[in-house]
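If you want the building blocks of each chain, they are given just below.
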Amino acid sequence: MPFNQAIRKNSHILWTISLIQDITPEAQTKAELAEMVGDVVSTDTIDKTTLCLADTLQRFRFMIKDGLTEEEATIKCQEMAKTWHADNAESLRKLKESKKLSILTWDEFLNWSEYEKTVKDIERFYKENTRFSRDVDGRVRQELNKISHEAKITDRTQQIELIKRYLFEECAFQKFASSKYFDYELYKNPFPPAARDIKNNTDFVSPGVMVELYFTQFSSPPKNKPENKPVVQNYYNPTNLIPYGNIPVGIDFPPMWSNKQVYHYPSESSFNNRNSFSPVFSNSPPKQNGSPPKQTDFTDVKTAEQSRIEFAEFIEKSLKMLPEKDQKKAIESLVKFTTNEILPLFYNNTNELKT
């Protein structure tokens, strides 16, 4: 069976396709799309198909990657969409002939009268719902770790802000699409947890519509733990406090913390209402069992001097986001932490040298 579940008769499905050909040229296009279309066409219980190419959504990624304005990034998305439609004309023809194909554009969603309100509702849900905030933060970590070192926007706060705008818009799309009463929403892989949280919330998606549907043959197989190979754990590394070096694929801030930790990043509304700024770091690094492995390859690790400079820049930018009355309190907290935690390390090292 090509899908994760049986499909009811006479179903109308929404097929959402992510436009990422700039980083994965064969994803959901050309040969891969033709295979997917074959599965849809051969499924008798699918009566109608509406296809939505999530093209303009990618503008946030292009803004980070290429340092473009939102308008410039939107134009780039539109150019890629034209290429996608040209490359897949035959597959679209087959869908039109056998599955009553119609097209829903992402711009229709952006022009929806409830767009701004729904995005704000998603932001509010992020602040109020622990599970959703955890799933969003996890996705943010994954996306940050995929960003190339050559990304034109290098400020981590800006990157996080744009990625969160991407995710909130992606989630808000669920409410827009559900208003059209599609029976299923088809995607290449299982939906990300954050999108599933919205899909399963009746405040955003009505029960019985937009049921999750995906292709089983494209799901990643479970990874077997390799035998006789040491498990490399994500140990705390004090020279990597600001994650500007090479970081593993997968959004982490900082990258050395355990992926099980939950971090809350400043939302778009945080910059408009600075009192709502929330901390990035937890109070202490996660506890690890055993001793960290000795590093033998330092090509991807920044020097302590570079890390100190970058960390100082991060603290300065964080303070600037606070109103003046809170800046004083934050500075006092930093001084107290330095006095109680940092300076004793110096004295301890000095005493050890003397003995």
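In what follows, the structure referred to is the one given above.
Residues numbered from 1 in each chain as written. Predicted model: local features only at pLDDT ≥ 70, side-chain atom pairs only at ≥ 80, totals over all residues. Heavy atoms only, no water.

Novice: Teacher, can you tell me more about the overall build of the protein chain here?
Specialist: Scanning the protein chain for helices and strands turns up twelve helices and five strands. The 355 residues of the protein chain split such that 43% are buried. Summed over all atoms, the accessible surface of the protein chain reaches about 20,300 Å², with 52% contributed by carbon and sulfur. (Helix = DSSP H or I, 4+ residues; strand = E, 2+ residues; numbered from the N terminus. Buried < 20%, exposed > 50% of the residue type's maximum accessible area, 1.4 Å probe, protein only. Areas by Shrake-Rupley, 256 points an atom, 1.4 Å probe, with all protein chains shown as cover.)

Novice: I tried to follow the packing of aromatic side chains on my own but got confused; where do I start?
Specialist: Under the criterion given, the structure shown has 15 aromatic pairs. A centroid spacing of 4.4 Å and a plane angle of 20 degrees characterise the contact between Trp-106 and Phe-173, whose relative ring orientation is stacked. A residue pair is termed long-range when its members are at least 10 positions apart, and Trp-106 in helix α5 (residues 106-110) and Phe-173 in helix α8 (residues 156-178) qualify at 67 residues. Both residues of the pair, Trp-106 and Phe-173, belong to the buried class. Between Phe-125 and Phe-132, the aromatic rings sit 5.0 Å apart at their centres with planes inclined by 35 degrees, giving tilted as the arrangement. (Phe/Tyr/Trp six-rings, centres within 6.5 Å; stacked < 30°, edge-to-face > 60°.)

Novice: What should I look at first to understand the nonpolar core in this one?
Specialist: Most often, soluble globular proteins have nonpolar side chains that are buried together. In this structure, Trp-15, Leu-51, Phe-132 and Phe-173 are the most contacted members of the largest nonpolar core, which totals 68 residues. With eleven residues, the top contributor of residues to this core is α8. Each residue touching Leu-51, except ones within four places of it in the same chain, is listed here: Trp-15, Ile-17, Trp-84, Leu-92, Leu-95, Leu-101, Ser-102, Ile-103 and Leu-104. (Core = buried A, V, L, I, M, F, W, Y, C linked by side-chain atoms within 4.5 Å. Contact = heavy atoms within 4.5 Å.)

Novice: Would you mind showing me how to read the pattern of salt bridges here?
Specialist: A side chain of one charge can pair with a side chain of the opposite charge if their charged atoms are brought near each other. In the structure shown here, the tally under the stated rule is 21 salt bridges. Two residues, Arg-139 and Glu-170, come together in a salt bridge whose shortest N-O distance is 2.9 Å. A residue pair is termed long-range when its members are at least 10 positions apart, and Arg-139 in helix α7 (residues 130-146) and Glu-170 in helix α8 qualify at 31 residues. Side by side, Arg-139 and Glu-170 carry an identical accessibility label, which is buried. (Salt bridge = Lys/Arg side-chain N within 4 Å of Asp/Glu carboxyl O.)

Novice: I'm lost on the packing of helix α2 (residues 59-66) against helix α3 (residues 70-87) in this one. Help?
Specialist: Between α2 and α3, the shortest axis-to-axis distance is 8 Å and the interhelical angle comes to 115 degrees. Considered as vectors, α2 and α3 are oriented roughly perpendicular to each other. In the crossing of α2 with α3, the sense of the turn from one axis to the other is right-handed. Between α2 and α3, the contacting residues are Arg-59, Phe-60, Phe-62, Met-63 and Asp-66 on the first element and Glu-70, Ala-73, Thr-74, Lys-76, Cys-77 and Met-80 on the second. Split into classes, the residues belonging to the contact of α2 with α3 amount to six nonpolar, one polar and four charged. (Axes fitted to C-alpha atoms, helices over the stretch in contact; angles between N-to-C directions. Parallel < 35°, antiparallel > 145°, perpendicular 65-115°, else oblique. Left-handed = near helix turned anticlockwise from the far one by under 90°. Nonpolar A, V, L, I, M, F, W, Y, C, P; charged D, E, K, R; others polar.)

Novice: Where do I start with helix α4 (residues 89-99) in this structure?
Specialist: For an α-helix, the turn length of 3.6 residues means that residues three or four places apart are oriented alike. Within α4, the full set of buried residues consists of Ser-91, Leu-92, Leu-95 and Lys-99. Buried residues of α4 fall within an arc of 100 degrees about the axis and therefore sit on the same side. Pointing more than 90 degrees away from the buried face of α4 are the exposed residues Lys-96 and Glu-97. Tucked into the core, α4 has its buried residues touching β1 (11-18), α1 (30-41), β2 (46-54) and α3. Remark: Lys-100 follows α4 within two positions and exhibits a positive phi of approximately 50 degrees. (Arc of directions from axis to C-beta.)

Novice: It is not clear to me how the pairing of strand β5 (residues 211-214) should be interpreted in this structure. Could you clarify?
Specialist: When a strand is regular, its side chains alternate between the sheet's two faces. Of the strand pairs in this sheet, strand β4 (residues 184-187) and β5 are connected by four bridges, and their pairing is parallel. Across the sheet, the residue bridging to Leu-186 is Leu-213, located in β5. (Pairing = 2+ DSSP bridges.)

Novice: Just checking my understanding: could you explain unusual backbone geometry for this structure?
Specialist: Backbone phi values are negative for most residues with the exception of glycine, while trans is the configuration of most peptide bonds. Positive phi outside glycine occurs at Lys-100, with the angle close to 50 degrees. Inspection of the secondary structure assignment puts Lys-100 in the loop between α4 and β3 (102-103). Its relative accessible area of 49% is what places Lys-100 among the partly exposed residues.

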